[in-house]
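The chain contents come next:
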Amino acid sequence: MNTQQRDPLFESLDRLTGMADTHLVGDRMPDIQRRVRVARQRKGAGLVAAAAVLAVGGSGVWQTLPSERTAPPVTNPGTTPWQQITVNAEPEGSDHVRISFTVTGESTAYADMGTGDPVDYAGPRSTDVLVDGKVVAGSDRGAISCEPGGELTPYTMKFPVDEPLVVPVSSPGEHTIVVNAPYCADGDLVESTQTVVVTTEAAGFTTADQLEADIDGDGTDDVVELLYPKDVTVEDQLLRVIWSRDETTTATLPQNWEGYLHDPVDLDSDGDLELIVSAGGGDMAEGWVFLAHPDSLERVKTVDAAGNELSLLSYGEPTAWQTWLGAEGVHSYRLIDPTATQFPAPVEARKWSLAGNTLTQSEKSVTMCVSFPPHGPRMLGPC
Amino acid sequence: MYEHMSEAMIGPAGVLGDSTRAKADDFGAYVRASERRHKRLAFLLTGDLHEAEDLLQAAYAKVYPHWSKVRTYDVPDAYLRRVMLSLRTSWWRRSRNREWSVADLSENSNHIADPAGTVIESQALLLALRQLPERQRAAVVLRHWCDLSEADTAAAMRCSVGTVKSNTSKGLAHLRAALGQAEGGAS
């Protein structure tokens, strides 16, 4: 601890931390496990029958991507000229961007460049809007120049003034919107710029489900989204991870039923969380597991003990196999007595184990019990 | 029965969950070994005993699912620190308009013997800490209590070394001024 130990501030801080020792707690693990469990159960456990899956489909919310940014004031309001630009840009469909912005500030006076007479105007000298480097809109106050000195005049101006500014973009993806609005400060024209990046999606997508979890274990939550196409003629759904480092990884789902995200689980105990999606249609539901690599989302193969392809399915009838996804991992189970009416009831269960990119169902069955809490998801556990 | 079944899924017996139980045991040992120092850090970061407790538990709960990976790190504590700072920033953003309460200061300080004016100093320091902006407080605590380098502090705070320097400088000035006043008042 060397130099810091001789620092009186360190000594003071260290004494202060002693207060933390006076607040004793018991075993922390039950509460930690409870918190983890609550987080995981937030979306419910269990790949349930199709009707229940459809019920949680929920209403779509228009895709909202980071699109608004406010620049800090250039100088202090009320004392010197300053200006702040707030830009709002949103994707409109897959191939347009809707832009609006507000310019607020206090500028010094302008003068007519020809006559030198004062001009009754306060605000930016001009405004330019650039999308991906091209000027798409602008305004100019004409032949006026900045007048040295003069009173500060406050202003707030909203753009566009008349009709919405909707700009076509060449392709889906990230687009950079820049607003330039130089203003007068005591005779000088001061550059003032704000930039935002907006992302348009191919075909346009709706966010159907979303959760936050630290997928890659870097200490900061990432965002996982399930996206439906807005165009009903497009069938592909997307699974997307927006990493905390602001990169995005996307995969196409192998189905077009309405699905939802389960809370990610570390199925192979490698420290990274796996993504789990389920969806249902009719009397059947199916689940998929994805490995979230930094640059791709890899769908896990699901096989039986003999290596034959076997889907993670749940069927509606009582004699059929169901799939259960929970904090403990993935299990398939079916009632030992299909006529059982008393729960918890014993079931034949087979655990799935993840190794590499393959999820394998165990060959041997064990007896477990399933219960149906009145206000919660079904539970599978020891009898 | 529901509670029992739910609980059982986290720490089951028999054929299920052997790896989970081992992970829980290992993580539990880490928690027991580290909780005191992390509780102290959480207290300095929050300035409040109850918030510190909540922050620490939330951070442990964030780390637990990743423990099999985090335990292999050279300094697992660095990961937990980063999670605490991340959580703290997130919480602060949600409640940035909330004012600090100082009502519990005297109650807490009753636990400390005060032969040489340390209670007054700690009260002043705690008040000053609470008045610091979040990033200044984090920078000061990480640099001057955790003894992290500027680079490590920047990594923990996810900012540049320059930001660490400026935040530390401003924070220190404020704290030293507060301590100076406390010494003056106590003498």
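The structure reproduced in this document is the subject of the present report.

Procedures and definitions
- Here the residue index of a chain counts from 1 through its sequence in written order.
- Whichever chain is written first is A, and whichever ligand is written first is 1; the rest continue in order.
- The model is predicted, so local features are restricted to residues of pLDDT at least 70 and side-chain atom pairs to those at 80 or more, both for listing and for counting; the totals for chains, interfaces and linings are taken over all residues.
- Derived side-chain values reflect all non-hydrogen atoms in the structure, with water molecules and hydrogen atoms excluded from consideration.
- Here a strand is any run of E in DSSP of at least two residues, a helix any run of H or I of at least four, and the numbering for each starts at the N terminus.
- We call a residue buried when its accessible area falls under 20% of the maximum for its residue type, exposed when it is over 50%, and partly exposed in between, using a 1.4 Å probe and counting protein chains only.
- By definition in these notes, contact holds between two residues if any of their heavy atoms fall within 4.5 Å.
- The Shrake-Rupley method, run with a 1.4 Å probe sphere, supplies the accessible areas, and residue values consider only the shown protein chains as cover.
- Only buried residues count toward a nonpolar core. Its members are Ala, Val, Leu, Ile, Met, Phe, Trp, Tyr and Cys residues joined through side-chain atoms within 4.5 Å.
- Paired strands, as defined in this entry, are two strands with at least two bridges between them according to DSSP.
- Here an axis means a line fitted to C-alpha atoms, over the contact stretch when the element is a helix, while the angle between two N-to-C directions is reported on a 0 to 180 degree scale.
- In what follows, salt bridge is the name for a side-chain nitrogen of Lys or Arg lying within 4 Å of a carboxyl oxygen of Asp or Glu.

Brief notes about the overall build of chain A
- Across its full length, chain A holds 4 helices and 31 strands.
- Classification of the 383 residues of chain A by burial places 47% in the buried group.
- Sequence separation of at least 24 residues holds for 54% of the intrachain contacts in chain A that already meet a minimum separation of 6.
- Summed over all atoms, the accessible surface of chain A reaches about 17,800 Å², with 51% contributed by carbon and sulfur.

Regarding the nonpolar core
- By size, the foremost hydrophobic cluster in this structure holds 58 residues, and its most contacted members are Phe27 and Met84 of chain B.
- Not counting residues up to four positions away in its chain, the partners in contact with Met84 of chain B are His38, Leu41, Ala42, Leu45, Leu55, Leu56 and Ala59 of chain B.
- With 27 residues, the next largest nonpolar core counts Tyr110, Cys146, Ile177 and Tyr183 of chain A among its residues.

Here's the deal with the sheet that holds strand E8 (residues 134-140) of chain A
Residues and elements named next belong to chain A.
- Strand order in the open sheet formed by 4 strands is E8-E7-E12-E15, and the pairing between neighbours is antiparallel. In the strand order of this sheet, the two ends are held by E8 and strand E15 (193-200), each with one partner. In this sheet, adjacent strand axes meet at a mean angle of 15° when their direction is disregarded.

Some words on the pattern of salt bridges
- A complete count under the given rule lists 16 salt bridges over all chains for this structure.
- The residue Arg37 of chain B makes a salt bridge to Asp77 of chain B at a minimum N-O spacing of 2.7 Å. Residue Arg37 of chain B is located in helix H2 (residues 18-46), and its partner Asp77 of chain B is located in helix H5 (residues 76-94); the two are separated by 40 residues in the primary sequence.
- You can call Asp77 of chain B buried: its relative accessible area is 14%.
- Beyond isolated ion pairs, a larger network of salt bridges with shared partners links Arg28 of chain A together with Glu35, Lys39 and Glu53 of chain B.

Some remarks on unusual backbone geometry
Residue and element names in this part refer to chain A.
- Look at the link from Phe159 to Pro160: it is a cis peptide, with omega at -5°.
- Along the chain, Phe343 connects to Pro344 via a cis peptide bond; the corresponding omega equals 5°.
- Within the secondary structure, Pro344 is located in the loop between strand E27 (329-335) and strand E28 (345-355).
- The backbone of Asp132 sits at a positive phi, close to 50°, despite the residue not being glycine.
- Within the secondary structure, Asp132 is located in the loop between strand E7 (126-131) and E8.
- Relative accessible area serves as the criterion here: at 39%, Asp132 is assigned to the partly exposed category.
- Its identity as a non-glycine residue notwithstanding, Ser269 has a phi of 55°, on the positive side.

Concerning the pairing of strand E4 (residues 96-107) of chain A
Residue and element names in this part refer to chain A.
- Bridge analysis of strand E3 (residues 82-92) against E4 gives 11 bridges, and the strand direction is antiparallel. When the bridges of E4 are listed, Asn88 appears paired with Ser100.
- Both E4 and strand E11 (residues 165-168) contribute to a ladder of 4 bridges, which runs antiparallel. Each bridged residue has a counterpart across the sheet, and for His96 the counterpart in E11 is Pro168.
- As paired strands, E4 and strand E10 (residues 153-159) are joined by 7 bridges and run antiparallel to one another. Within the sheet, the bridge partner assigned to Thr102 lies in E10 and is Lys158.

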